[in-house]
Amino acid sequence: MQGRAFIIFLGGLGAVYVMLSVLLGGGNTIGALAQFLSIGSFILAVLQPRLALYLMVLYAGYSDLLKRMMVFDGHVTMNDILWVRALCPLTLAGICIGTLVRSLHDGSLHHRRKLVSLLVCFLGFIVSGVSALRSGSGFNAAATQLADGAAYMFLLFVVPCIFRTPAQIIAFIKYCLIVFIPVALYGIKQQIFGLSDFEIEYLQSGLTVLSKHLDDVRPRPFSTLVDSSPFGTTCAVCACLALMVRRHHRDTGTRAWGGMSFVLFALFVVACIASMARIANLNWMLPILLLPVLRSARGTATLYATVATMFVTACIFAQELINAVTRLTLWALENFGGTAIGVQFSRFWTICDRLDGMHDIAHNPLMWTMFGYGTKGAADLHEAHLVASHDLISNLLLEIGWLPLGILLIIAALALHSFHRSVLGLRGTPVFSICLWMVGILFGLLVHNIFAGNVTSTFPVNFFCWFIAGGLNACIIHQEGLRVKKQLPEQPPPHMRHPCFAHAATSPFNRNLPNG
């Protein structure tokens, strides 16, 4: 009792110190608060990884809003911006450390699938780090790139360690959906009524790349997130998660979240459309359409073959597609371009940037080098207008070359084969339907990456992408554990003829005991 009171006393002193430091520090109040929150969240995450993961959802939804609100206080510096941006990466680092220590302590790390997941995460992180350092932008830029992108792949290992059952994953997804309801509503409000004055002031501050929205006919809504594309994609993913929750309750024989799931689905779809990120709508359409296809190995193989064929066809006939899209855009502008929102809706030719990159894959020999030009060299070629790349494949081909890209594609193909085989092995189990939903969401993000840039490297899309991958991994591990338990034979208790000889087998003199 005295120890608990002492801890509460120390916590009170710490809170008073933080409050006085924030209010009397003389700098930006929100920046100072973010500094203490980052350090405190890291410590909390090491001690309580599961609780910190719930906290991280709040940061995923509203940390960028916190960054914009710094303009109210003035005296904004890049140091303040960096502390706000460090909230999620530091929390994630603490979660990873805390989860790894706990897994080593309880022995769960020795589970084969968890160990493989951890090794895959480290391998991916190292490859991303080498690629970032090779870009020539310096160590700080490489560290920032890793913290904002590749670090989230560790959720593939963290989620199965923190959430052991599908019910726990569904409960966390419900929490995420509730947290992101205001995000969707605020984005719809921005589409209807425009941006607030403090948001316009933030765009004009020079502290963000979002100042490009001021050059548009009308700033696109980005809600509380970093940009309109991550906002639209995140809402599309949440729309699918809402239907996945409903499916889980149907499979478990309950009617909870029946109507609520449809309401949330409609809300997030409307928010996705309001973002004006047209390609983001694929992320809620594709999972719904492809669920029947993903139920079989033949359908899954046909699906991947179709996507590969479409990409190759788009590369070969890119110029014809560019001409068709331009004609469609001119027709739409003629019929719907009377208003600012009509102009934004009608600008289909933004896809021509992606088609230019696909055209260069098939027709520009500068794209085909063995080890690429690196990030800086690729940027120089872009500035000289010698190449174009706006999709994942053309970017990688330009930066790392065809040989490393070919190796990566082979590794990715093998990983996807193992991944789908594990999922299809769940047929007939209660988790198969929600696993299909997760596969559909990840497939939609993969298609988005291939045809419209690396959206999974932007926050919080990367958080949701790797959490869903980790959730799928957790469901597979859970079902494998149940299967092993069913296969283990029950050990019958040893048969004793008389109570007097209950301990005869363990007695040091049991050889001298009579048999009957």
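Residues numbered from 1 in each chain as written. Predicted model: local features only at pLDDT ≥ 70, side-chain atom pairs only at ≥ 80, totals over all residues. Heavy atoms only, no water.

Describing the overall build of the protein chain
Consideration 1: Of the regular secondary structure elements, the protein chain holds 23 helices and zero strands.
Consideration 2: Sequence separation of 24 or more characterises 75% of the internal contacts of the protein chain that already satisfy a separation of 6 or more.
Consideration 3: With an accessible surface of roughly 26400 Å², the protein chain has 68% of that area assigned to carbon and sulfur atoms. (Helix = DSSP H or I, 4+ residues; strand = E, 2+ residues; numbered from the N terminus. Contact = heavy atoms within 4.5 Å. Areas by Shrake-Rupley, 256 points an atom, 1.4 Å probe, with all protein chains shown as cover.)

Examining the environment of Ile188
Consideration 1: On the secondary structure map, Ile188 appears in helix H10 (residues 181-193).
Consideration 2: Classification of Ile188 by relative accessible area gives buried; the value is 17%.
Consideration 3: A sequence separation of 35 residues divides Ile188 from Ser223, and the C-alpha atoms of the two residues are 7.9 Å apart.
Consideration 4: In this view, Ile188 contacts Leu267, Val270, Ala271 and Ala274; residues no more than four positions away in its chain are not counted. (Buried < 20%, exposed > 50% of the residue type's maximum accessible area, 1.4 Å probe, protein only.)

Considerations on the confidence of the model for the protein chain
Regions with low pLDDT should not have their predicted coordinates read in detail.
Consideration 1: Of all residues in the protein chain, 85% attain a pLDDT of 70 or more, and the chain-wide mean is 81.
Consideration 2: Of all the helices and strands in the protein chain, helix H1 (residues 2-24) carries the lowest mean pLDDT, 50, while helix H9 (residues 166-179) carries the highest, 93.
Consideration 3: Segment residues 496-516: pLDDT under 50, and eight contacts once partners within four positions in sequence are set aside and those in other chains are kept. (pLDDT = per-residue confidence, 0-100.)

Some details on helix H19 (residues 374-383)
An α-helix turns once per 3.6 residues; consequently, residues spaced three or four apart project the same way.
Consideration 1: Taken as a whole, H19 has its buried residues at Gly374, Gly377, Ala378 and Leu381. Down the axis of H19, the buried set is contained in an arc of 100°. They therefore lie on one face. Residues of H19 that are exposed and point more than 90 degrees away from the buried face comprise Lys376 and Glu383.
Consideration 2: With its phi angle positive at about 60°, His385 sits one or two positions after the end of H19. (Arc of directions from axis to C-beta.)

Focus on the layout of surface pockets
Consideration 1: The volume enclosed by the second largest pocket comes to roughly 460 Å³.
Consideration 2: Listing elements by their share of the lining of the second largest pocket, those giving two or more residues are helix H4 (78-85), helix H5 (87-106), helix H6 (112-134) and helix H7 (139-148).
Consideration 3: Split into classes, the residues belonging to the lining of the second largest pocket amount to 15 nonpolar, two polar and two charged. (1 Å grid on protein atoms, 1.4 Å probe; cavity = no way out; pocket = protein on both sides within 12 Å on 5 of 7 lines; lining within 4 Å. Points joined across faces, edges and corners; volume = space filled by probe spheres on them. Nonpolar A, V, L, I, M, F, W, Y, C, P; charged D, E, K, R; others polar.)

Things to note about the side chain of Ser394
Consideration 1: Here Ser394 is to be found in helix H20 (residues 392-400).
Consideration 2: Contact partners of Ser394, with chain neighbours within four places excluded, come to Gly357, Ile361, Met367 and Ser389.

Regarding helix H3 (residues 49-68)
Consideration 1: Compared with an ideal rise of 1.5 Å per residue, which puts 20 residues at 28 Å, H3 spans 28 Å between its outermost C-alpha atoms and is within 8% of the ideal.
Consideration 2: Where H3 bends most, at Tyr62, the angle is about 50°. (Expected span 1.5 Å × (residues − 1). Bend = angle between axes of the 7 residues up to and from the residue.)

Details of the packing of aromatic side chains
Consideration 1: Tallied over the full model, the rule gives 15 aromatic pairs.
Consideration 2: A centroid spacing of 6.3 Å and a plane angle of 40° characterise the contact between Phe172 and Tyr175, whose relative ring orientation is tilted. Within this pair, Phe172 and its partner Tyr175 are both found in helix H9, separated by three residues, close to a single helical turn.
Consideration 3: Since its relative accessible area comes to 0%, Phe172 is described here as buried.
Consideration 4: Consider the rings of Phe463 and Phe467, whose centres lie 6.4 Å apart with planes at 15°: the pair is stacked. Within this pair, Phe463 and its partner Phe467 are both found in helix H23 (residues 461-487), separated by four residues, close to a single helical turn. Phe467 carries the same exposure label as Phe463, and that label is buried.
Consideration 5: Three or more aromatic residues joined by ring pairs form one cluster here, namely Tyr54, Phe163, Phe172, Tyr175, Phe180, Phe463, Phe464 and Phe467. (Phe/Tyr/Trp six-rings, centres within 6.5 Å; stacked < 30°, edge-to-face > 60°.)

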